[in-house]
Amino acid sequence: MRRLPAILLLHTLAFLSPALHAQTAPAPSRSDAEAGWRKQLETWRAQREHEISAPDGWLTLVALDWLKPGVNTIGSAADNSVRIPNAPDHVGLLTVSGKTVQLLAPHDGFPSDLKLDNGPAREGPLSADDRHPSTFTWHSLTMVILPRGDRYAVRVKDANSSARTTFHGLHWYAPDLHYTVEAKWIPSNPPRSLKIPTVVGTVLTLPAPGTAEFTLNGKTLRLEPVLESPDDTALFFILRDETSKTTTYQAGRFLRTNFPDHGLKNPGTLIIDFNQIYNPPCAYTPYATCPLPPEQNRLPVPIEAGEQRYSQSQSQ
């Protein structure tokens with residue numbers, strides 16, 4: 001395995017594990033630091049697989065239906081405008097008027113055991129906020145109302161989906177410290193935003209606080225991360241590399257890192273560990289609405305690290 005210089009290895013572990021900054025603790029040896037990095041990576045990957053296969057993870061996503069202005073009937077029966085598999089015949093009516101979405105009961109009343117935001121189903125306006133959307137539950141099904149551009153959608157998850165019940169793990173490249181790099185942080189001055197396209201044709205406008213510049217295999221490369229929200233505490237990289245043609249998800253992958261050592265507004269450095277690069281939700285289900293890498297984040301080199309392409313048949 002190709003190795004980083006010991007000083008960068010220790011810097012990496014210190015950055016990833018704040019406990020190593022303790023003044024009274026002796027500096028870890030090279031082998032101890034590398035072992036710590038591997039253990040931390042193994043823990044992170046196990047947590048990633050746990051989240052993907054959780055009862056509300058991405059493997060449970062079974063439908064995404066757009067709501068039209070006016071009345072939308074939802075349920076499993078053929079006379080519904082929004083068909084939801086394994087749901088009651090008639091769940092309810094969703095009315096869309098401008099930015100208001102309301103729930104009305106079907107002609108024979110709400111199904112028994114249907115819950116809305118952890119309470120009994122009731123008629124009235126719903127929340128269509130990405131962070132706190134109104135949520136319906138019925139046995140193993142979860143339905144939420146989400147805004148996407150100037151439209152609204154019903155997202156449906158089923159904890160008993162076949163994708164979840166047949167899941168046997170993700171696929172990863174072998175850990176390789178060669179893909180843990182120290183990057184120079186170049187803050188945006190003045191602050192700017194980045195237009196991020198999505199798979200459903202909408203465009204997200206997100207703060208782009210700066211650029212990470214690093215060297216890999218003798219080439220100087222740059223990536224522009226974004227912040228998903230103003231109070232975010234991590235940089236979010238949406239990127240694509242040459243492995244997308246062969247071994248990784250075709251549309252791109254995601255990566256999150258800590259902030260640079262001197263904050264977002266000042267020049268500094270940060271550690272990018274491509275061993276923690278992972279697939280977007282769209283790699284597991286056709287019903288997700290994922291952001292796509294902007295042009296400047298499409299690297300002309302292979303990043304043979306992190307999560308590989310997902311195939312349900314390969315996981316069995």
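Residues numbered from 1 in each chain as written. Predicted model: local features only at pLDDT ≥ 70, side-chain atom pairs only at ≥ 80, totals over all residues. Heavy atoms only, no water.

As annotated in an unreviewed UniProt entry, the protein chain is DUF1684 domain-containing protein from Occallatibacter riparius.

Points about the sheet that holds strand β1 (residues 61–67)
Here is the rule we go by: Two strands pair if DSSP finds at least two bridges between them. For helices the rule is a DSSP run of H or I covering at least 4 residues; for strands it is a run of E covering at least 2, with both sets numbered from the N terminus onward.
Ordered in space as β1-β11-β10-β9-β6-β7, the six strands form an open sheet in which the pairing is antiparallel. Two strands lie at the open edges of the sheet, namely β1 and β7 (119–120), each paired on one side alone. Judged from the two bridges that link them, strand β6 (residues 115–116) and strand β9 (residues 135–138) form a sheet pairing that is antiparallel. By the bridge assignment for β9, L116 is matched with F136.

A few points about empty space enclosed by the protein
A probe as big as a water molecule, rolled over the atoms, marks out the empty space that is left. Inclusion rule: Only protein atoms enter the 1 Å grid used here, on which a cavity is any set of points holding a 1.4 Å probe that cannot leave and a pocket is any open set flanked by protein within 12 Å on both sides along at least five of seven lines; residues with an atom within 4 Å of a point are listed as lining. Grid points are joined across faces, edges and corners, and a volume is the space filled by probe spheres set on the points. Think of it as three bins: nonpolar holds Ala, Val, Leu, Ile, Met, Phe, Trp, Tyr, Cys and Pro, charged holds Asp, Glu, Lys and Arg, and polar takes everything else, Gly as well.
Scanning the model with the defined rule gives one cavity of 30 Å³ or more in all. By volume, the largest cavity amounts to about 50 Å³. Around the largest cavity sit 13 residues that line it, and A251, G252, F254, P280 and P291 are the ones nearest its centre. Classifying every residue of the lining of the largest cavity by side-chain character gives 11 nonpolar, one polar and one charged.

Re the pattern of salt bridges
Cut-off, in case you're wondering: For salt bridges, the criterion is a side-chain nitrogen of Lys or Arg within 4 Å of an Asp or Glu carboxyl oxygen. Burial classification: accessible surface area is computed with a 1.4 Å probe over protein chains only, and a residue below 20% of its type maximum counts as buried, one above 50% as exposed, and the rest as partly exposed.
Taken as a whole, this structure holds 10 salt bridges when the rule is applied. Close ionic contact of R192 with E224 constitutes a salt bridge, the shortest N to O distance being 2.3 Å. Taken together, the residues span a long stretch of sequence, with R192 in strand β12 (residues 180–197) and E224 in the loop between β14 (219–223) and β15 (235–239) at a distance of 32 residues. A salt bridge links E242 to K245; the nearest nitrogen and oxygen atoms lie 2.9 Å apart. Using a relative accessible area of 29% as the deciding quantity, one classes E242 as partly exposed.

Digging into the side chain of E224
Formally: Here a polar contact is taken to be a pair of N or O atoms separated by no more than 3.5 Å, where protein atoms must pair a possible hydrogen donor with a possible acceptor and residues adjacent in sequence count only if both atoms sit in side chains. Contacts between residues were defined by any pair of non-hydrogen atoms, one from each residue, lying within 4.5 Å.
The class of E224 is buried, set by a relative accessible area of 13%. Within polar-contact distance, the side chain of E224 engages the side chain of Q296 at 3.1 Å. When neighbours within four sequence positions are excluded, E224 is seen to be in contact with R192, L194, A208, G210, T211, Q296 and N297.

Brief notes about the environment of D89
With respect to the secondary-structure elements, D89 resides in the loop between β3 (82–83) and β4 (92–97). The spatial distance from the C-alpha of D89 to the C-alpha of S76 is 4.7 Å, given a sequence separation of 13 residues. The contacts of D89, once residues within four sequence positions are left out, are I74, G75, S76, A77 and N80.

Digging into the sheet that holds β4
Backbone-to-backbone hydrogen bonds pair the strands of a sheet. The strands run either parallel or antiparallel. The sheet built from five strands is open, its strands ordered β3-β2-β4-β5-β8 with mixed pairing. What marks the edges here is a single partner per strand, and that holds for β3 and β8 (124–125). By the bridge criterion, two bridges tie strand β2 (residues 70–75) to β3 in an arrangement that is parallel. Note that in β3 the partner of G75 across the bridge is R83.

Let's talk about the environment of P55
Structurally, P55 is set in the loop between α2 (30–52) and β1. For P55, a relative accessible area of 52% corresponds to the exposed category. Distance in space between the C-alpha atoms of P55 and K157 is 8.8 Å, their sequence separation being 102 residues. Apart from residues lying up to four places away in sequence, P55 is in contact with T60, A159 and R164.

Observations regarding the confidence of the model for the protein chain
Definition in use: Here pLDDT means the predictor's own confidence in every residue, given as a number from 0 to 100.
Mean pLDDT over the protein chain stands at 90; residues scoring 70 or higher make up 90%. Ignoring residues within four places in sequence, the model shows residues 1–7, a span with pLDDT below 50, making 17 contacts including any to other chains. Contacts from residues 17–23, a stretch scored under 50 in pLDDT, to residues over four places away or in other chains number five contacts.

Quick notes on the side chain of D241
Counting through the fold element by element, D241 comes out in the loop between β15 and β16 (253–257). Under the relative-accessibility criterion, D241 is labelled buried at 3%. Side chain to side chain, D241 and T243 meet in a polar contact 2.6 Å long. A distance of 2.9 Å separates the side chain of D241 from the backbone nitrogen of I303, its partner in a polar contact.

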